[in-house]
Structures are given as C-alpha cells and as structure tokens.
Amino acid sequence: MRQTVVIVGAGFGGLRAARELRRAPVDVILVDRHNYHLFQPLLYQVATAGLEPEEIAKPVRAILRGQRNLDFRLLDVAGVDFAARRVLTSDGPIGYDYLILAIGARTNFFGLAEIKRHGFDLKDLAGAVRLRNQVLECFERGMLESDAERRRALLTFVVVGGGPTGVEMAGALSELVRLVLVKDYPRLNLKDVRVLLLEAGDRLLAGMPAQLSEAAARTLWRKHVEVRHGVTVAEFDGAKARMKSGEVIPSYTLIWAAGVQAAGLAERLGIPTARLGRLPVLPTLQLSGHPEVFVIGDAAYLEADNAPLPMMAPPAMQMGQIAAENIVRLMAGMPCEAFRYRNPGALATIGRNAAVAYIHGIPFKGFPAWVVWLVVHIIQLIGFRNRLFVLINWAWDYFFYDRAVRLITR
C-alpha cells in the first residue's frame with residue numbers, strides 16, 4: 001500500500017519538498033490557503049508600482065502539473081492531531097503517514113497593536129497592493145491639500161527596519177518618487193517628500209560585513225533616503241509615528257519591515273516553541289517525539305554555527321530537499337541524514353545600478369552586485385512567462401525611468 005505524505009505550505013520549502021518526491025513511491029498531498037506560489041523577495045516591487053502581482057506569483061497547479069503522484073488542495077489548516085496522524089483542515093481531516101510542515105512566517109509587530117492596525121507590511125500580495133494604493137493616494141491627496149503641514153505629512157513615508165526588506169523598500173520608494181512621480185505630479189514640490197529608514201540597531205543589514213552596511217547607508221543617502229540608526233518606533237496612529245525617545249514624525253504611511261515570526265499555526269500545535277514562535281527540530285528536521293513529522297523553512301528552529309538559521313528562502317529550499325530525502329530513507333529502513341546549511345550568500349539591492357552582496361566570503365557592491373542581484377532573481381522566479389515579463393518591466397524602468405503599474409485599485 002502506498003504511503004501518503006502531506007505537505008502544509010506551498011512556499012519555497014514546501015514546493016521544493018513536493019518536487020523532490022516526484023519519483024518516490026508515495027502519494028503527495030500539498031495543502032495551502034492560497035492557490036499560488038509567491039516569490040516574496042519581490043513584493044516590494046509590487047508595492048512600488050514596478051511589477052504586477054501576477055508577475056511574481058504562479059498557480060501551484062500549473063507549477064506541478066506534470067507530477068502524477070501529487071494532489072493539491074486549497075484549504076485552511078487549523079491544526080494537527082499527531083496521535084491520529086491527521087491534519088485538521090477547513091474541509092475535514094487529512095490522514096498522513098509522513099508530514100512536512102512548511103508553514104512559513106508572518107510579520108512580527110512585537111506586540112505593537114496600533115502599528116499592526118494602521119501600518120503596512122510586506123508579507124502577501126494583498127498587502128503589497130494595499131501599500132501601492134496608499135503611496136499613490138497620498139500623492140493624489142497631496143495635490144489637493146492646501147495646508148502645508150498636512151501635505152508634508154501625506155508625502156512623508158517611514159520605513160521601519162534596516163534589514164534587506166527595509167533597505168530595498170526604501171530605495172525603491174525613493175526612486176519611484178524622484179524618477180517617476182516627479183513627472184506625474186509636476187506641481188508638487190519635491191522638498192515636501194521625505195523617505196525615512198529607521199533602524200533600531202547601530203547599522204543596516206546586520207547580517208553583512210560592516211563595510212557593506214556603510215556602503216548601503218551612503219547609497220541610500222545619495223538617493224535622498226534619510227537613514228537613522230538607534231531609533232525605535234513605539235506607536236503609529238495612522239497620522240503620526242512616535243518614537244521611543246518621544247520624537248513625533250507626522251506621516252500617514254508607516255511600512256513595517258522590522259521582523260518576522262513563525263506563522264500562527266505553530267502556536268496551535270501544542271508543542272513548545274523557541275524564539276520567534278519557531279518549532280525546535282532535531283538535526284534531521286524531525287519533531288522530537290514525532291519521527292514522521294518534519295518542520296522546514298521559517299517555522300523550523302535549528303542552529304548552525306551557534307546561531308539560528310535565517311528565516312529566508314535558501315534555508316527553506318535546502319530543508320525541503322533534505323526532508324523529502326529523509327522520508328524516502330525512512331521508508332527504506334535507513335537512518336535520516338542531518339541537515340547542513342550551505343550558505344549561498346546575501347544580496348540586497350538599493351535601486352538602479354546599486355546593490356551590496358556577500359557571496360562565499362567575498363564582499364562587493366555597486367553595479368557588479370546589482371547585476372548579480374538581477375540575474376539571481378530572474379533565475380529564481382518560477383515560470384518562463386514571469387521571468388520574461390519581469391525582465392521587460394525592469395528594462396522599461398531602466399531605460400525610460402518609468403513604472404508600469406501606477407494604478408490605484410480598490
């Protein structure tokens with residue numbers, strides 16, 4: 001009798017695991033609450049009018065169309081009955097012999113309810129489109145606003161968090177304003193527009209060498225982004241952001257890129273969690289006490305070199321491969337292999353012709369790093385159509401200083 005492998009989550013890790021099992025003698029059931037795989041690293045380009053949502057997403061059924069041993073189900077997962085080996089979904093339980101939890105992450109607002117209510121984050125397509133609408137609407141409202149202080153608040157954009165997402169968002173937003181919207185709104189005074197990047201730590205891109213952090217900050221300043229270190233945001237009511245120091249910045253747009261935590265499902269499994277709500281796993285990626293259950297990606301807590309693995313796509317994809325291979329090993333009566341993370345390096349773009357990269361211990365920046373960033377992201381996009389349209393949009397933006405998707409949609 002063929003055994004059943006249930007995979008929860010069609011992100012980078014879940015998709016890789018499903019593909020690795022395509023030749024295994026198992027039936028694979030892939031469950032996700034969305035019917036598409038999302039390339040999250042480019043969400044900020046949707047938010048800054050550079051790309052259409054469908055250009056960074058592809059239907060799961062289309063991606064895995066040729067995999068005969070796979071069945072995709074569009075369902076919400078409420079929990080897992082580990083004793084009965086059942087995944088509890090919105091359409092009833094699904095039994096499994098082996099389970100891979102690739103449930104991903106959500107934004108971590110660190111308990112700041114007002115920021116969660118009024119701010120904007122970048123974790124899904126709906127949020128990116130909502131942020132794009134907000135930015136464009138602020139310019140439309142700014143055109144009509146007669147009060148100078150209110151107009152400046154409308155045209156002040158606060159990005160919180162100096163990691164790759166915050167750096168890329170701030171750079172892209174500034175270029176949208178300075179290179180594109182300046183032509184759409186010639187009557188607006190660009191001196192009223194401010195883009196601020198606030199980082200609580202003492203430098204940007206903490207995972208990279210200090211020289212690249214400094215290079216990123218200098219490049220952002222040249223692009224008219226106000227970079228500030230050692231600043232902690234305490235509140236945001238939709239009209240002004242208040243810092244922990246008491247300083248108030250009038251703004252109608254606060255973009256939260258200050259951290260992530262494991263998806264909410266991790267808290268509902270009845271298993272003690274580690275930092276950021278992640279699930280501790282054995283070196284083989286198995287749950288302690290449940291050798292048939294594997295946790296991969298952002299929700300898995302595993303340390304390498306005395307530090308938790310980063311909540312990024314490369315570890316998730318590598319984990320997906322090893323989890324699938326370990327399931328095949330268990331079925332063959334063989335011991336599981338321990339996971340060893342191979343760090344491919346780190347990249348962050350800061351806009352046109354500007355990026356920083358740290359690959360295999362070699363730091364580099366500027367145009368060469370930007371070219372590497374372009375190539376890597378084009379290659380990693382799923383589907384020839386998506387790669388082609390993203391490349392066309394990027395070329396159009398590069399040569400004509402234009403963004404293709406300046407649409408306000410309700």
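Here, the structure is the one placed above.
All figures in this text were calculated on a predicted structure; none of them were measured in a lab.

1. Some words on a nonpolar patch on the surface
Thinking step 1. Together, Phe 367, Val 371, Val 375 and Ile 379 give the surface a local cluster of nonpolar side chains, amounting to about 350 Å² of exposed area.
Thinking step 2. Mapping Val 371 onto the fold places it in helix H10 (residues 367-380).

2. A short note on empty space enclosed by the protein
Thinking step 1. Using the criterion set out here, one finds one cavity of 30 Å³ or more in the structure.
Thinking step 2. Considering only enclosed or pocket space, the largest cavity measures out at about 40 Å³ in volume.
Thinking step 3. Phe 139, Val 177, Leu 181, Val 182, Tyr 185, Leu 188 and Leu 190 are the residues that line the largest cavity.
Thinking step 4. Examining the composition of the lining of the largest cavity, we find that three residues originate from one element, helix H7 (residues 164-184), more than from any other.
Thinking step 5. The residue makeup of the lining of the largest cavity, split by class, is seven nonpolar, no polar and no charged.

3. Section: the layout of surface pockets
Thinking step 1. Estimates place the volume of the second largest pocket at around 410 Å³.
Thinking step 2. Lining the second largest pocket are 27 residues, and of these Gln 45, Trp 370, Leu 374, Trp 394 and Asp 397 sit closest to its centre.
Thinking step 3. Broken down by secondary-structure element, the contributors of at least two residues to the lining of the second largest pocket are helix H2 (43-47), H7, strand E25 (346-351), H10 and helix H11 (384-400).
Thinking step 4. Residue contributions to the lining of the second largest pocket peak at eight residues, all from H11.
Thinking step 5. A class-by-class count of the residues in the lining of the second largest pocket yields 14 nonpolar, seven polar and six charged.

4. Some thoughts on H10
Every α-helix carries 3.6 residues per turn, so stepping three or four residues along brings you back to the same face.
Thinking step 1. If you check H10, its first and last C-alpha atoms are 20 Å apart, about what 14 residues at 1.5 Å a residue would give, namely 20 Å.
Thinking step 2. Contacts made by the buried residues of H10 are with H2, H7, E25, strand E26 (354-359), strand E27 (362-365) and H11.

5. Brief notes about the packing of helix H5 (residues 125-144) against H7
Thinking step 1. It is at 13 Å that the axes of H5 and H7 come closest, and there the two elements cross at 40 degrees. On the basis of the axis angle, H5 is oblique to H7. The handedness of the crossing between H5 and H7 is right-handed. Together, Leu 131, Val 135, Leu 136 and Phe 139 of H5 and Met 169, Leu 173, Leu 176, Val 177 and Leu 181 of H7 make up the contact between the two elements.
Thinking step 2. Residues that form the contact of H5 with H7 fall into these classes: nine nonpolar, no polar and no charged.

6. Notes on the packing of aromatic side chains
Thinking step 1. Inspection of the entire model under this criterion finds ten aromatic pairs.
Thinking step 2. Between Phe 367 and Trp 370 the ring centres are 5.7 Å apart and the planes differ by 40 degrees, which places this aromatic pair in the tilted class. One end of the pair is Phe 367 and the other is Trp 370, both in helix H10 and three residues apart, which spans about a single turn.
Thinking step 3. On the basis of relative accessible area, Phe 367 is assigned to the partly exposed category, the value being 45%.
Thinking step 4. Its relative accessible area of 12% is what places Trp 370 among the buried residues.
Thinking step 5. Pairwise contacts between aromatic rings join Phe 367, Trp 370, Tyr 398 and Phe 399 into one cluster.
Thinking step 6. The ring of Tyr 401 carries Arg 352 above its face, with NZ or CZ at 4.1 Å from the centroid.
Thinking step 7. Just above the ring of Phe 389 sits the side chain of Arg 385; from NZ or CZ to the centre is 4.5 Å.

7. Structural notes on the sheet that holds strand E15 (residues 240-243)
Thinking step 1. On the basis of which strands lie adjacent, the open sheet formed by three strands has the order E14-E15-E16 and antiparallel pairing. Looking along the sheet, the strands with just one partner apiece sit at the ends: strand E14 (233-236) and strand E16 (248-250). When strand polarity is set aside, the average angle formed by the axes of neighbouring strands in this sheet is 20 degrees.
Thinking step 2. In this sheet, E16 lies alongside E15 in antiparallel orientation, the contact comprising three bridges.

8. A short note on the packing of H10 against H11
Thinking step 1. Remark: H10 packs on H11, axes separated minimally by 9 Å, with the N-to-C direction vectors making an angle of 150 degrees. On the basis of their axis angle, the class for H10 and H11 is roughly antiparallel. Across the interface between the two elements, Trp 370, Trp 373, Leu 374, His 377, Ile 378 and Ile 379 of H10 pack against Arg 387, Val 390, Leu 391, Trp 394 and Tyr 398 of H11.

9. Describing the environment of Gly 361
Thinking step 1. One can find Gly 361 in the loop between E26 and E27.
Thinking step 2. Between the C-alpha atom of Gly 361 and that of Val 376, which follows or precedes it by 15 residues, the distance is 17 Å.

What counts and what doesn't
- Residues numbered from 1 in each chain as written.
- Predicted model: local features only at pLDDT ≥ 70, side-chain atom pairs only at ≥ 80, totals over all residues.
- Heavy atoms only, no water.
- Patch = residues over 30% accessible without salt bridge, like charges linked within 9 Å, V, L, I, M, F, W, Y side chains within 5 Å.
- Areas by Shrake-Rupley, 256 points an atom, 1.4 Å probe, with all protein chains shown as cover.
- Salt bridge = Lys/Arg side-chain N within 4 Å of Asp/Glu carboxyl O.
- Helix = DSSP H or I, 4+ residues; strand = E, 2+ residues; numbered from the N terminus.
- 1 Å grid on protein atoms, 1.4 Å probe; cavity = no way out; pocket = protein on both sides within 12 Å on 5 of 7 lines; lining within 4 Å.
- Points joined across faces, edges and corners; volume = space filled by probe spheres on them.
- Nonpolar A, V, L, I, M, F, W, Y, C, P; charged D, E, K, R; others polar.
- Expected span 1.5 Å × (residues − 1).
- Contact = heavy atoms within 4.5 Å.
- Axes fitted to C-alpha atoms, helices over the stretch in contact; angles between N-to-C directions.
- Parallel < 35°, antiparallel > 145°, perpendicular 65-115°, else oblique.
- Left-handed = near helix turned anticlockwise from the far one by under 90°.
- Phe/Tyr/Trp six-rings, centres within 6.5 Å; stacked < 30°, edge-to-face > 60°.
- Buried < 20%, exposed > 50% of the residue type's maximum accessible area, 1.4 Å probe, protein only.
- Lys NZ or Arg CZ within 6 Å of the ring centre and 35° of its normal.
- Pairing = 2+ DSSP bridges.

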